[in-house]
Amino acid sequence: VAKFVKNWSCILGLVLGATGLLRGQNCSQCAEWNKPQTPFRIYGNTYYVGPHGLSSVLITGPEGDVLIDGDLAESAAVIAGNIRALGFKVEDVKLILNSHVHSDHAGGLAALQRMSGARVLASAASGAVLKNGRPGRDDPQFGELRAIAPVHRLGVVRDGETVRVGPIALTAHLTPGHTPGGTSWTWRTCEGGRCEQMVYADSVTAVSATRYKFSQHPEVQAQFARSFAWLDAVPCDVLITPHPDASDFWERTDVGRREPVVDAGGCRKLAEEGREGLKRRLGEERGR
Ligand SMILES: [Zn+2]
């Protein structure tokens, strides 16, 4: 009996240990985020292929396709299914890009890379995290982040660099703050002779681990300021954000309608909300 009790407590210890490990990796929202979404054309050659709560965008072309964001680990199968449902092939994805390395946008990258054989390109700071899958210590949310499956075939993009797959050309814009390597992407898409400036704008929310203070990190405040200024200035007809709700994507989108979800003020509004959020956070920190 003693042996049994000892073994049992050992198992209990393991379970508690695992629970401890998972503490701070709480993802009560993951199931909600990963709810299915019928994929659809946003505009021109640009399609929404993510689950309902996390964006993933497919840009198609004659020499291969580009995918932005892999979402959660469990989203990879959803995204692949959505690509197929639109009549495209996952194997045609030649290039995978990312907004930022948190598990809700980068958790599915490795699996999608495996399925497609695509190259992954990321900023240097994002690449460092993607390569080993472990959250970076310089991330404001460090300590409360989930690890992700490491990404293997990985290239680095610089700020302002344009990456191409055939005629598809996307430009990388480093927009750090939310994470050190946060990257936004812009491209142009035409449909019926009308062309729109597409912006996949990375998260600009000042979110952190419990003990972290933005007030103690003027360098991160400066990163945010530069990212907000970029959003203020970028030509922005159709805005897509990694969390669709962050830019009222579903209110702006009438799925199945052929009109684009044009909102020229979308990027500036996102910048304004980001500024307000950071200001509010700094105020709260003063009150602590
Ligand atoms: Zn994030």
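Owing to the predicted nature of the structure, the values given are computational and were not obtained by experimental measurement.

Chemist: I'm lost on the pattern of salt bridges in this one. Help?
Modeler: Using the criterion set out here, one finds 8 salt bridges in the structure. Across the pair E272 and R275 runs a salt bridge whose closest N-O atoms are separated by 3.4 Å. Of the two residues, E272 and R275 are both situated in helix α9 (residues 266-287); the distance of 3 residues between them amounts to about one turn of the helix. The class for R275 is partly exposed, based on a relative accessible area of 29%. With its nearest N and O atoms 2.7 Å apart, the salt bridge here joins R281 to E285. Of this pair, R281 and E285 both sit in helix α9, separated by 4 residues, roughly a single helical turn. Residue R281 shares its accessibility class with E285, and that shared class is buried. Salt bridges sharing partners connect three or more residues here, namely D232, E272 and R275.

Chemist: It is not clear to me how the state of the cysteines should be interpreted in this structure. Could you clarify?
Modeler: Here a disulfide denotes one covalent bond, and it connects the sulfur atoms of two cysteines. Within this structure, the stated rule accounts for 3 disulfides. Across a sulfur-sulfur distance of 2.0 Å, C190 and C195 are joined as a disulfide pair. Of note, the bridge from C190 to C195 carries an S-S torsion of about 105 degrees and is right-handed in sense. Classification of C195 by relative accessible area gives partly exposed; the value is 28%. With its disulfide-bonded cysteines labelled consecutively along the sequence, the chain is connected as 1-2, 3-4, 5-6.

Chemist: Mind showing me how you'd approach the environment of G81 here?
Modeler: Tracing the backbone shows G81 in helix α3 (residues 76-85). Given the relative accessible area of 28%, G81 is considered partly exposed.

Chemist: How do you make sense of the packing of aromatic side chains when you look at a structure like this?
Modeler: Here the distance between the centres and the angle between the planes together describe a pair of aromatic rings. This model, assessed by the stated rule, comprises 10 aromatic pairs. Each residue in the set F40, Y48, F249 and W250 is aromatic and connected to the rest through ring pairs, giving one cluster.

Reading guide: rules and limits
- Residues numbered from 1 in each chain as written.
- Predicted model: local features only at pLDDT ≥ 70, side-chain atom pairs only at ≥ 80, totals over all residues.
- Heavy atoms only, no water.
- Salt bridge = Lys/Arg side-chain N within 4 Å of Asp/Glu carboxyl O.
- Helix = DSSP H or I, 4+ residues; strand = E, 2+ residues; numbered from the N terminus.
- Buried < 20%, exposed > 50% of the residue type's maximum accessible area, 1.4 Å probe, protein only.
- Disulfide = S-S within 2.5 Å.
- Phe/Tyr/Trp six-rings, centres within 6.5 Å; stacked < 30°, edge-to-face > 60°.

Geometric values such as these leave the question of function open.
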